[in-house]
Amino acid sequence: TAGGFATNIPLTLTDSKMSVRVWSPEAGTPIRLKVEDSKDATHTCETQTNTTLAGAWEILEFDFANEAPGTAELSVGLANGWTYNMASIFFNFGTEGAVAGEKTYYFDDVYFGKINVGTSDFEIAGLKVFPNPSNEYWTLSTENETMTSVALFDLQGRQLQMLHPHNSNVKINAKDLAAGIYISKIATAEGISVVRLVKE
């Protein structure tokens, strides 16, 4: 099974990484990520990594500077002025559907750049967001952890706000935002959670 998504943010030499939140029924599943020019299908770069968890969400990092064998190097494309503005994700890459059998995979929260995490646990215990949807503020709170940073992104990956609350409670101002869906990345000393926020 393969899914696709598009973005208008080009990769750069200093931003060769993307991260994707993935759910797979099995650990060790190869996941391939392909970026290309939506106007020229010959301008592509692909990279691949494997899942490490079974039946659970995890954040996988894809480094296009470490391209998959037999695919174009990112540096070559960038040197020739290629713009990578479309991406596609392929689950259980290299295995035919008849061999793999019927399986379900999910992906969400696609980011450009590396996501730094404190541990392999990406879920912040006791994290609450309310109200959601909201038309003025979202309030984020944790039970026992201090939020060191809270970033807000639109669905194109553009960072709209960055807060450093160093507190267990923080408000994100939504008043000036257009109605729609946003993504917040919350970091503590223990790890990172990514939540979907809705502006009415």
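A brief look at the structure comes next.

So, how was this worked out
Residues numbered from 1 in each chain as written. Predicted model: local features only at pLDDT ≥ 70, side-chain atom pairs only at ≥ 80, totals over all residues. Heavy atoms only, no water. Helix = DSSP H or I, 4+ residues; strand = E, 2+ residues; numbered from the N terminus. Buried < 20%, exposed > 50% of the residue type's maximum accessible area, 1.4 Å probe, protein only. Contact = heavy atoms within 4.5 Å. Areas by Shrake-Rupley, 256 points an atom, 1.4 Å probe, with all protein chains shown as cover. Pairing = 2+ DSSP bridges. Axes fitted to C-alpha atoms, helices over the stretch in contact; angles between N-to-C directions. Phe/Tyr/Trp six-rings, centres within 6.5 Å; stacked < 30°, edge-to-face > 60°.

Another point: the overall build of the chain. Along the chain, the regular secondary structure elements total 2 helices and 14 strands. Counting across all 200 residues of the chain, residues that qualify as buried make up 42%. Expressed as a percentage of contacts within the chain between residues at least 6 apart in sequence, the contacts between residues at least 24 apart total 65%. Here the chain displays about 10,300 Å² of accessible surface, and carbon together with sulfur accounts for 48% of that area.

This part covers the side chain of Ser-141. Relative to the helices and strands, Ser-141 is located in strand β9 (residues 137–141). Residues within four places of Ser-141 in sequence aside, it is in contact with Gly-126, Leu-127, Lys-128, Phe-130, Met-147, Ser-168 and Asn-169.

Ordered by their spatial adjacency, 4 strands build an open sheet running β11-β10-β13-β14, and the pairing between neighbours is antiparallel. In the strand order of this sheet, the two ends are held by β11 (159–163) and β14 (192–199), each with one partner. Direction aside, the axes of adjacent strands within the sheet are offset by 20° on average.

Right, let's get into the packing of aromatic side chains. On inspection of all chains with the given rule, the structure shows 6 aromatic pairs. Between Trp-82 and Tyr-84 the ring centres are 6.5 Å apart and the planes differ by 70°, which places this aromatic pair in the edge-to-face class. Pairing Trp-138 with Tyr-182 gives two aromatic rings, centres 6.3 Å apart and planes at 55°, and the pair type is tilted. Of this pair, Trp-138 sits in strand β9 while Tyr-182 sits in strand β13 (residues 180–187); the two residues are 44 residues apart in sequence, bridging distant segments of the chain. Comparing Trp-138 with Tyr-182 shows no difference in burial state: the two are buried. Here the aromatic cluster, defined as three or more aromatic residues joined through ring pairs, consists of Phe-91, Tyr-105 and Phe-107.

So, about the environment of Ala-174. Tracing the sequence through the fold places Ala-174 in the loop between β12 (169–173) and β13. Judged by its relative accessible area of 0%, Ala-174 is buried. Sequence separation of Ala-174 and Asn-135 is 39 residues, and the distance between their C-alpha atoms is 6.2 Å. Non-local contacts of Ala-174, meaning those with residues more than four positions away in its chain, are made with Asn-135, Glu-136, Tyr-137, Trp-138 and Lys-199.

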